[in-house]
Amino acid sequence: MNGSRREDVDGVRTNAAPLALRFSGLAGELAGMRKVVRDWAAAAGLSGELLEDLQLVVGEAAANAIEHGYRAGEPGSVDVWLSRDEAGAVHGRVRDYGTWRQQPDDPGDRGRGLALIRALAAQVSLNRRSDGTEVAFTMPLM
């Protein structure tokens, strides 16, 4: 982190450096990814419910990227980007470079990840392309 961070009137750190992380699309890598996200969130001044919700959203999006994006072969990579704007909201993106299958009409006991992300975050978008899938979201300041 650089020393150019400033705090606004409410003590929200708005100049925390954005996070750009690439990790291997293996389930065993999720714990390390969560630690990096937690450390970034602490440096960005997040705490309490916003920190917990961010961990859930990023963790679920990354797990989906691993499970769905690379189901048919060797794992690829997963990218996570996080930044905090001047108002204190967190903007995030999680991207894989694989191919997702279409969601079944009846997912049974599965398929709740995107619903969870949409319940916790605002402005959630899912962009499926031939070269991967990206989930983008905003976590407003609580």
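Residues numbered from 1 in each chain as written. Predicted model: local features only at pLDDT ≥ 70, side-chain atom pairs only at ≥ 80, totals over all residues. Heavy atoms only, no water.

An unreviewed UniProt entry annotates the chain as ATP-binding protein originating from Kutzneria chonburiensis.

(A) Spatial organisation of the nonpolar core. Phe 23, Met 33, Trp 40, Leu 54, Val 58, Leu 82 and Phe 137 are the most contacted members of the largest nonpolar core, which totals 31 residues. Every element with two or more residues in this core is listed here: β1 (19–24), α1 (30–43), α2 (48–69), β2 (77–84), β3 (90–96), α3 (113–120) and β5 (132–139). Counting residues per element, this core draws most heavily on α2, at eight residues. (Core = buried A, V, L, I, M, F, W, Y, C linked by side-chain atoms within 4.5 Å. Buried < 20%, exposed > 50% of the residue type's maximum accessible area, 1.4 Å probe, protein only. Helix = DSSP H or I, 4+ residues; strand = E, 2+ residues; numbered from the N terminus.)

(B) Examining the confidence of the model for the chain more closely. Averaged over every residue, the pLDDT of the chain is 82; residues scoring 70 or more account for 79%. Under a pLDDT of 50 for its full length, residues 1–10 has, in the predicted model, 18 contacts with residues more than four places off or in other chains. (pLDDT = per-residue confidence, 0-100. Contact = heavy atoms within 4.5 Å.)

(C) Geometry of the sheet that holds β5. Reading across from one edge, β1-β2-β3-β5-β4 is the order of the five strands in this open sheet, with antiparallel pairing throughout. Single-partner strands in this sheet number two, and they are β1 and β4 (122–129). Taken pair by pair, the neighbouring strands of this sheet meet at an average axis angle of 10°, ignoring direction. The pairing of β2 with β3 spans seven bridges and is antiparallel. By the bridge assignment, Val 78 is partnered in β3 with Asp 96. Packed onto the sheet, α1 meets β1, β2 and β3 and runs at close to 170° relative to β1. Its contacts with the sheet put α2 on β1, β2, β3 and β5, and the angle it makes with β5 is roughly 170°. (Pairing = 2+ DSSP bridges. Axes fitted to C-alpha atoms, helices over the stretch in contact; angles between N-to-C directions.)

(D) Expanded view of α1. Across its 14 residues, α1 extends 20 Å between first and last C-alpha, which sits within 8% of the 20 Å expected from 1.5 Å per residue. Burial in α1 covers these residues: Leu 30, Met 33, Val 37, Trp 40, Ala 41 and Ala 43. Here the buried residues of α1 occupy an arc of 160° about the axis, which is enough to place them on one side. Just beyond α1, the residue with positive phi is Gly 45, at close to 85°. (Expected span 1.5 Å × (residues − 1). Arc of directions from axis to C-beta.)

(E) Inspection of the pairing of β5 at higher detail. In terms of residue burial, β5 counts as a mostly covered element, since eight of its eight residues are buried. On β5, burial covers both faces: Gly 132, Glu 134, Ala 136 and Thr 138 on one face and Thr 133, Val 135, Phe 137 and Met 139 on the other are all buried. Strand direction decides the pairing type here: β3 and β5, joined by six bridges, are antiparallel. Looking at the pairing, His 91 lines up with Thr 138 of β5. In this antiparallel pair of consecutive strands, β4 and β5, the connection spans two residues.

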